[in-house]
Amino acid sequence: AAATKQVGADIKQVETAQDHIVVLDRVKHNADEQFKNIDKLITKQSSGLIHGAALYAGALSGKNPEASTYVSFRDAFASNMARELGGEKGVLTDVDITRWAKILPNLYDTYETKQYKKKAFYDMMNFVRQQQQRVANGELTAGALRDSKAFQETKEKLLSIAEQGGYGVSGIKEELRRGKQ
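Residues numbered from 1 in each chain as written. Predicted model: local features only at pLDDT ≥ 70, side-chain atom pairs only at ≥ 80, totals over all residues. Heavy atoms only, no water.

**Let's talk about the pattern of salt bridges**
According to the stated counting rule, one finds nine salt bridges in the structure shown. With a shortest N-O distance of 2.7 Å, Arg 129 and Asp 25 are connected by a salt bridge. Taken together, the positions of Arg 129 in helix 5 (residues 111–136) and Asp 25 in helix 1 (residues 2–41) put the pair 104 residues apart, joining distant regions of the chain. Across the pair Arg 134 and Glu 139 runs a salt bridge, and its minimum N-O distance is 3.6 Å. In the salt-bridge network here, residues are joined through shared partners; they are Asp 39, Lys 114 and Lys 118. (Salt bridge = Lys/Arg side-chain N within 4 Å of Asp/Glu carboxyl O. Helix = DSSP H or I, 4+ residues; strand = E, 2+ residues; numbered from the N terminus.)

Structural data, given as structure tokens:
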């Protein structure tokens, strides 16, 4: 009876991992679509604090539908990322959601910061998908994945990148340096 219970649990875990992979693929597709928008908004020729302020004003006023759509996506998408990429459970606080939202490019980012954040997002997405595939293949349990040092380190690295890669002080210094040239 115990062996039958274990087989049932193993099958459920594999089905759950397969479902999670399908969800991750949808998350990636949604991100791909919205990253196309942000790529049009933030280019090598137009990025940074002043450009971001104009984009944000256009988003708030409705005069820039692409910026408005991206801002809405970014805010709504953060809780999905926290759950699907970060394995966050339970009720998400505003702090959790804000922390995860920083991973995504914002309208004030420089072109380089936007590219860096997109790469970090895709790195995390690929890592989580690979690990879920390992669970689906029976190579790893879901609990072991969540508790693994590699998962926790990758998650914290991504969140750290977001904390540091947001506009922050380094972005402002970069903008001031550009203005002096």
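**Regarding the nonpolar core**
Core analysis: the biggest nonpolar cluster contains 35 residues, and Leu 85, Trp 100, Leu 107 and Phe 121 have the highest contact counts within it. Put simply, the parts of the chain that give this core at least two residues each are helix 1, helix 2 (49–61), helix 3 (65–84), helix 4 (94–101), helix 5 and helix 7 (149–165). The contact partners of Leu 85, leaving out residues within four places of it in the chain, are Leu 24, Asn 80, Trp 100, Phe 121, Met 124, Met 125, Val 128 and Phe 151. (Core = buried A, V, L, I, M, F, W, Y, C linked by side-chain atoms within 4.5 Å. Buried < 20%, exposed > 50% of the residue type's maximum accessible area, 1.4 Å probe, protein only. Contact = heavy atoms within 4.5 Å.)

**Structural notes on the confidence of the model for the chain**
Model confidence for the chain is summarised by a mean pLDDT of 77, while 80% of its residues fall at 70 or above. The least confident element of the chain is helix 8 (residues 168–180), whose mean pLDDT is 42; the most confident is helix 2, at 91. This model gives residues 2–11 a pLDDT under 50, and the stretch forms zero contacts once residues within four places in sequence are excluded. This model gives residues 166–181 a pLDDT under 50, and the stretch forms 20 contacts once residues within four places in sequence are excluded. (pLDDT = per-residue confidence, 0-100.)

**Things to note about the side chain of Thr 113**
Along the chain, Thr 113 falls in helix 5. Polar contacts involving the side chain of Thr 113 include one to the side chain of Thr 110, which spans 3.0 Å. (Polar contact = N/O pair within 3.5 Å; in protein donor to acceptor, adjacent residues only side chain to side chain.)

**Re helix 3**
Taking 1.5 Å of rise per residue, the 20 residues of helix 3 would be expected to cover 28 Å, and the 27 Å separating its terminal C-alpha atoms lies within 8% of that figure. Approximately 35 degrees is the largest bend angle found in helix 3, and it occurs at Phe 77. Inspection of helix 3 places Ala 67, Tyr 70, Val 71, Phe 73, Arg 74, Phe 77, Ala 78, Met 81, Ala 82 and Glu 84 among the buried residues, and these make up the whole buried set. (Expected span 1.5 Å × (residues − 1). Bend = angle between axes of the 7 residues up to and from the residue.)

**Some details on the packing of aromatic side chains**
Per the stated rule, a full pass over the model turns up seven aromatic pairs. Consider the rings of Tyr 70 and Phe 73, whose centres lie 5.8 Å apart with planes at 45 degrees: the pair is tilted. Highlighted residues: Tyr 70 and Phe 73, both in helix 3, separated by three residues, approximately one helical turn. Judged by centre distance (4.6 Å) and plane angle (25 degrees), the ring pair of Phe 73 and Phe 77 falls under stacked. Residue Phe 73 and its partner Phe 77 are located together in helix 3, separated by four residues, close to a single helical turn. Both residues of the pair, Phe 73 and Phe 77, belong to the buried class. Of the aromatic side chains, those joined through ring pairs into one cluster are Phe 35, Tyr 70, Phe 73, Phe 77, Phe 121 and Tyr 122. (Phe/Tyr/Trp six-rings, centres within 6.5 Å; stacked < 30°, edge-to-face > 60°.)

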